[in-house]
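Single-letter residue listing:
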Amino acid sequence: MKVKKGILIVFEGIDGSGKSTQVQLLQKILADKGMDVVVFWEPSQSPWGKKIKEKAALPDSLSPEEELELFVEDRKDNVQKNLNPALIKNKIVLLDRYYFSTMAYQGAKGIDVERIRRINEQFAVHPDLVFILDVEAEKGLNRIQDRKSKDLLFERQDFLVEVRKIFRSFQGENIFHIDSGNTPDDISDQIASIVLKYINKFLYI
Ligand code: TYD
């Protein structure tokens with residue numbers, strides 16, 4: 001079931017790309033203008049999302065296909081329980097990660113990216129705007145100080161280089177690649193201007 005009346009705005013990017021900060025900044029900008037905004041995340045709080053988080057502590061404890069299945073089941077739940085109910089009430093929904101993450105991360109683990117897209121687009125409500133925050137893998141990792149051991153760091157960095165490549169390949173009229181090297185306020189201004197333009201068009205045509 002795909003449902004939509006409100007506006008769905010998705011934030012994507014590799015680990016450390018600054019998505020979560022931008023979600024918070026945009027939430028405040030829109031709420032200050034009196035708009036009805038709500039924020040959701042993936043992985044979500046569903047049983048599948050919880051399982052993903054448990055397994056995340058044990059790298060490679062799942063095969064790429066098992067990961068794909070968990071992310072898809074988690075997303076079906078999120079679409080049905082969170083996104084659609086908010087959209088049908090005309091809310092502006094900000095979403096921290098969506099199926100572009102599955103295409104990029106599970107794609108970088110060898111699963112066909114277009115197959116991942118097809119599986120998701122069968123049930124996932126279409127986003128109005130997608131912001132992909134772009135940062136070099138090394139910089140992103142430095143930001144989150146994900147440095148358990150040198151080996152793990154390098155392994156992760158190589159992987160994120162691949163993930164980033166896939167994110168950068170996404171094209172579409174609703175997809176915006178944002179350079180995450182600027183200050184958070186500059187990035188936020190850039191995003192807010194795109195969002196406000198879209199909202200004005202959406203509301204008055
Ligand atoms: P998350 O908790 O959102 O971490 P972050 O704060 O970095 O955004 O996501 C956890 C990890 O799950 C993150 O490394 C990205 C990965 N992930 C996938 O591999 N596939 C997916 O479909 C999603 C939504 C996330």
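Quick summary incoming for the structure in this document. (Residues numbered from 1 in each chain as written. Predicted model: local features only at pLDDT ≥ 70, side-chain atom pairs only at ≥ 80, totals over all residues. Heavy atoms only, no water.)

## Some thoughts on the overall build of the chain
- Each helix and strand counted, the chain has 8 helices and 5 strands in total.
- In terms of C-alpha radius of gyration, the chain reaches 17 Å, essentially the compact-globule figure of 17 Å for 205 residues.
- On the principal axes, the C-alpha backbone points of the chain span a range of 50 × 40 × 25 Å.
- The proportion of buried residues among the 205 residues of the chain is 46%. (Helix = DSSP H or I, 4+ residues; strand = E, 2+ residues; numbered from the N terminus. Rg over C-alpha atoms; globule rule 2.2 N^0.38 Å. Buried < 20%, exposed > 50% of the residue type's maximum accessible area, 1.4 Å probe, protein only.)

## Re helix H6 (residues 137-144)
- Here H6 has its buried residues at Ala137, Gly140 and Leu141. Summarising the axial view, the buried residues of H6 lie within an arc of 95°, below the 170-degree limit, and thus occupy one face.
- Looking one or two places after H6, you find Gln145, whose phi comes out positive at around 45°. (Arc of directions from axis to C-beta.)

## Focus on the sheet that holds strand S5 (residues 175-179)
- Taken together, the 5 strands give an open sheet; going across it, the order is S2-S3-S1-S4-S5, and neighbouring strands pair in parallel fashion. The open sheet terminates on both sides in strands that have one partner only, identified here as strand S2 (37-41) and S5. Across the sheet, the axes of successive neighbouring strands diverge by a mean angle of 20°, strand direction being ignored.
- Both S2 and strand S3 (residues 92-96) contribute to a ladder of 5 bridges, which runs parallel. In the strand pairing of S3, Val39 is matched with Leu94.
- Here helix H3 (residues 64-88) sits on the sheet and contacts strand S1 (7-13), S2 and S3; the angle it forms with S2, its principal contact strand, is near 165°.
- On the sheet, helix H4 (residues 99-108) packs against S1, strand S4 (129-134) and S5 and is oriented at approximately 20° with respect to S1. (Pairing = 2+ DSSP bridges. Axes fitted to C-alpha atoms, helices over the stretch in contact; angles between N-to-C directions. Contact = heavy atoms within 4.5 Å.)

## Describing the nonpolar core
- One finds Tyr98, Phe100 and Phe167 to be the most contacted residues of the largest nonpolar core, which totals 35 residues.
- Of all the elements, H3 adds the most residues to this core, at 6 residues.
- Leaving out residues up to four positions away in the same chain, Tyr98 has contacts with Leu8, Val10, Glu12, Glu42, Arg75, Val79, Leu83, Ala124, Val125 and Pro127.
- Counting residues in each nonpolar core, the second largest holds 20 residues, with Phe11, Val37, Ile191 and Ile194 among its members. (Core = buried A, V, L, I, M, F, W, Y, C linked by side-chain atoms within 4.5 Å.)

## Description of the pairing of S3
- For S3, the buried fraction is high: 5 of the 5 residues fall into the buried class.
- Burial of S3 is two-sided: the residues Ile92, Leu94 and Asp96 facing one way and the residues Val93 and Leu95 facing the other way are all buried.
- Judged from the 5 bridges that link them, S1 and S3 form a sheet pairing that is parallel. Among the inter-strand pairings, Ile9 is bridged to a residue of S3, identified as Leu94.

## Side note on the side chain of Ser188
- Tracing the backbone shows Ser188 in helix H8 (residues 184-204).
- Among the residues examined, Ser188 registers a relative accessible area of 6% and is labelled buried.
- Look past the residues within four positions of Ser188 in its chain and what remains in contact with it is Gln22, Leu25 and Ile29.

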